[in-house]
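As a plain string of letters, each chain reads:
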Amino acid sequence: MVRGMREIVFDTETTGLDPKTGDRIVEIGCVEMIGRVATGETFHAYYNPERDMPAEAEAVHGLSSAFLATKPLFSESVDALLGFLGDAPLVAHNAGFDFGFLNAELERLGRELIGLDRMVDTVALARKKHPGAKNSLDALCTRYGVDRSHRVKHGALLDAELLAQVYIELTGGRQIGLELASESISPSTETAPATIEAGRAAANRTRRDPRPHAASAEELARHARFIKDLEEPIWQKMP
C-alpha cells in the first residue's frame, strides 16, 4: 500500500562489476520516501574498499584510492546503514546489482542478508512502462524532465535523489505527491521538500462554485438585433 508507506531509494558505487571476484562498495547513498514523497532524510557514506581502485571504475565515479584510504571500513558503519534502511522496501536502478554488492558486504561480516522480497527494480518498472525504449537513469531523467545537469560523474547520493524523482514518475507521476502529502507525512517532518507543503495547500484549498456562463436575456436580445442587421450573411447562402 502506497499511502504512508516508507521506502528507501538507494544507489551504490563500487570498484567493479562483480563482488564474487573481490569488488567492493565504495559509496552508498539513500533517500527516504514516505507515501512516494521524499522527506529530506538521507544516508550517505564513503568506504575504504581495502583494495586498489581500477582506472575504469574511477573514470565512472571519480573516487580514487587516495581519497578512499581515509574513509571508514564498511564494517565500521554498517549498523548506521542498517538502522536507516530498517525494514523498508529498497528501490534501486538495476537493483540486482546493488543488492548483490550490499549482501556481499553483509555476508563478509556474517550479518543477516537483505531479502530479495524487499527489492524494487526501477529498470523492470521502466521496461514494463516503456517497452523497447532506453531505460538508463539518464534516459529516464530526460524522458520525465528531471534536471540532471549537475551530474558530471556518477555519485551514489545524487543518483539516488535523481532516481527518487524518476520512481515517482514510473509509479504514478508528480501528482501522487500532491495527493498524498497531507495524509502520508508526519507533521514532525520539518525537512520535507516544498512539494509536501504544496500538497497540503492543495488539499486545504477552498473550492468555489462554478461560475454561470449562459447568456442573459439581454445578451440574447442584442445578439438577435445584430444578426438582423447583417446583409446577406453567409449561412443563408448555404444549401
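Residues numbered from 1 in each chain as written. Predicted model: local features only at pLDDT ≥ 70, side-chain atom pairs only at ≥ 80, totals over all residues. Heavy atoms only, no water.

## Looking at unusual backbone geometry
Then, number 1: One non-glycine residue, Glu50, adopts positive backbone phi at about 60 degrees.
Then, number 2: Among the secondary structure elements, Glu50 is positioned in the loop between β3 (37–46) and α1 (55–61).
Then, number 3: Glu50 sits in the exposed class, given a relative accessible area of 54%.
Then, number 4: Of note, Asn94 is a non-glycine position whose phi angle comes to about 60 degrees, a positive value.
Then, number 5: Tracing the sequence through the fold places Asn94 in the loop between β4 (90–92) and α4 (95–108). (Helix = DSSP H or I, 4+ residues; strand = E, 2+ residues; numbered from the N terminus. Buried < 20%, exposed > 50% of the residue type's maximum accessible area, 1.4 Å probe, protein only.)

## Overview of the pairing of strand β1 (residues 6–14)
Then, number 1: Counting buried positions along β1 gives eight out of nine residues, so the element sits mostly inside the fold.
Then, number 2: Alignment of β1 against strand β2 (residues 25–34), held across nine bridges, turns out to be antiparallel. Across the sheet, Val9 pairs through a bridge with Val31, a residue of β2.
Then, number 3: Note that β1 and β4 share two bridges and pair parallel. Residue pairing across strands places Ile8 opposite Leu90, the latter belonging to β4. (Pairing = 2+ DSSP bridges.)

## Description of helix α3 (residues 74–85)
Then, number 1: Every buried residue of α3 is listed here: Phe74, Ser77, Val78, Leu81, Phe84 and Leu85. Projected down its long axis, α3 shows its buried positions confined to an angular sector of 150 degrees, all on one face. Opposite the buried face of α3, at more than 90 degrees from it, the exposed residues are Glu76, Asp79 and Gly83.
Then, number 2: Its buried side turned inward, α3 meets β1, β2, β3, β4 and α4. (Arc of directions from axis to C-beta. Contact = heavy atoms within 4.5 Å.)

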